[in-house]
Amino acid sequence: MTKLDGKVALITGSGRGIGREIALKLGSEGARVVVNDLDEAVANDTVGDLREIGIDAVACVGNVTDPDFGERFVTTAVDTFSGLDIIVNNAGYTWDNVIQKTTDEQWYAMIDVHMTAPFRVLRAAADFIRTYHKAEAAEGQEVFRKVVNISSLAGVGGNAGQVGYGAAKAGINGMTRVLAKEWGRFKVNVNSVAFGLIRTRLTEAAAGTGSINIEGAEIKVGVNPDVMQSLEKGIPLGRGGTPAEAAAAVYLFCIPESDYISGQTLVCSGGYMF
Ligand SMILES: NC(=O)c1ccc[n+]([C@@H]2O[C@H](COP(=O)([O-])OP(=O)(O)OC[C@H]3O[C@@H](n4cnc5c(N)ncnc54)[C@H](O)[C@@H]3O)[C@@H](O)[C@H]2O)c1
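So, a few notes on the structure that sits alongside this text. Remember, it's a predicted structure, so these values are computed and weren't measured experimentally.

About the cut-offs
Residues numbered from 1 in each chain as written. Predicted model: local features only at pLDDT ≥ 70, side-chain atom pairs only at ≥ 80, totals over all residues. Heavy atoms only, no water. Near = heavy atom within 4 Å. Polar contact = N/O pair within 3.5 Å; in protein donor to acceptor, adjacent residues only side chain to side chain. Areas by Shrake-Rupley, 256 points an atom, 1.4 Å probe, with all protein chains shown as cover. Helix = DSSP H or I, 4+ residues; strand = E, 2+ residues; numbered from the N terminus. Nonpolar A, V, L, I, M, F, W, Y, C, P; charged D, E, K, R; others polar. Salt bridge = Lys/Arg side-chain N within 4 Å of Asp/Glu carboxyl O. Buried < 20%, exposed > 50% of the residue type's maximum accessible area, 1.4 Å probe, protein only. Right-handed = clockwise from strand over helix to strand, strands pointing away. Contact = heavy atoms within 4.5 Å. Core = buried A, V, L, I, M, F, W, Y, C linked by side-chain atoms within 4.5 Å. Patch = residues over 30% accessible without salt bridge, like charges linked within 9 Å, V, L, I, M, F, W, Y side chains within 5 Å.

1. A word on the site of the ligand
Lining the immediate environment of the ligand, one finds 30 residues, of which D37, N90, Y165, T200 and R201 sit closest. Within the contact set of the ligand, an oxygen atom lies 2.6 Å away from a side-chain nitrogen or oxygen of D37. Here an oxygen atom of the ligand sits 2.8 Å away from a polar atom, N or O, in the main chain of I198. Notes on the ligand: free accessible area 820 Å², of which the protein chains cover 98%. Residue assignment for the shell around the ligand shows that the elements contributing at least two residues are α1 (17-28), α4 (104-138), β5 (145-152), α6 (163-183) and α7 (201-204). Here the residues of the shell around the ligand sort into twelve nonpolar, 13 polar and five charged.

2. With respect to the pattern of salt bridges
Scanning all chains against the criterion turns up eleven salt bridges. Across the pair R16 and D39 runs a salt bridge, and its minimum N-O distance is 2.9 Å. Residue R16 is located in the loop between β1 (8-11) and α1, and its partner D39 is located in the loop between β2 (32-35) and α2 (40-52); the two are separated by 23 residues in the primary sequence. Three or more residues are tied together by salt bridges with common partners; here these are R16, D37 and D39.

3. Quick word on the pairing of strand β4 (residues 86-89)
Going residue by residue along β4, you find I86 and V88 tucked away on one face and I87 and N89 tucked away on the opposite face as well. Handedness of the crossover is the feature at issue here: the chain leaves β4, passes through α4, returns alongside β5, and the resulting connection is right-handed.

4. So, the environment of E245
Tracing the sequence through the fold places E245 in helix α9 (residues 243-252). When the C-alpha positions of E245 and D45 are compared, they lie 21 Å apart, and in sequence the two are 200 residues distant. Those residues in contact with E245, other than ones at most four positions away along the chain, are R239 and C268. In this structure the side chain of E245 is engaged in a polar contact, spanning 2.8 Å, whose partner is the side chain of R239.

5. Thoughts on the nonpolar core
In terms of nonpolar packing, the biggest core is built from 41 residues, with L10, V34, L84, I87, Y93 and W183 touching the most fellow members. Elements with a minimum of two residues in this core: β1, α3 (69-81), α4, α6, β6 (188-195), β7 (210-214) and β8 (217-221). For this core, the element with the highest residue contribution is α4, accounting for ten residues. Other than its neighbours up to four places away in sequence, I87 contacts L10, V121, L122, A125, K146, V147 and V148. Counting residues in each nonpolar core, the second largest holds 32 residues, with V33, I86, V148 and I150 among its members.

6. Digging into the side chain of T176
In this fold, T176 is placed in helix α6. In this structure T176 touches N149, V190, N191, S192, G263 and Q264, once residues within four positions along its chain are discounted.

7. Examining a nonpolar patch on the surface
A surface patch of nonpolar side chains, about 290 Å² in accessible area, is lined by V156, M273 and F274. Here F274 shows up in the segment after β9 (265-268).

Dropping the structure here:
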């Protein structure tokens, strides 16, 4: 018996990086997984890798900022696995600049992907959660569900050059606290994890060399190697984290041991604060 036996976990942006590791971790603990990514090929790769090790998984490909994505994502879980137990709002990217150089397009892209999309996913889940909870309560069962929203140190302490990203990642922490209060009566633990430096494509590429494609728009990502080195020097544990270490922090909020923890933001940064 593993900790998440029979649970149904929905993870946005799980084709790569931290989200993919979350899918593997929750799956290896017994969860069935709904994988999402903007990029179909990587979403299917994660599903294939999960199935290869005996984990039930299905893909729900698409952009989390599509207005109907939340409904589609939640319905995929309910139709495929007849349940909905863990939601991880992870999909995201950085589109950085100082405030005077940040366009409206950049600003809204950050708010949309990091705040509006999680809001719509959670809104779409609300009726199902209430219905499941009512049925369980009627049978005298206390079943906990889990929401984990992915934030960043930029949303906790701020980070110069990330006005949109930092504001949106602070916003998701606010949404976390509100929902912890709204959904406590349905036995949902709502928490967020704020990462420091985790080595993924968002941070691994040297500045100016890496880019990601968001529906046709090429957006530069990456960190200057000198900046990276000095950032790593400032981390008490001496280095950036791995995606698996990041996924382990999310896992803590998905297991029964955290059933009495809600409305919290856990900083996972190797001890670095701001
Ligand atoms: N890597 C870090 O140092 C770090 C630090 C703090 C927070 N975070 C957060 O962690 C989360 C995961 O980041 P990562 O480092 O694993 O990045 P990543 O680029 O390695 O993986 C993110 C995945 O999300 C997908 N994605 C992006 N936008 C999407 C959208 N609109 N719809 C659907 N899928 C989308 C991408 O295609 C990609 O596969 C993000 O929310 C990010 O802001 C990362």
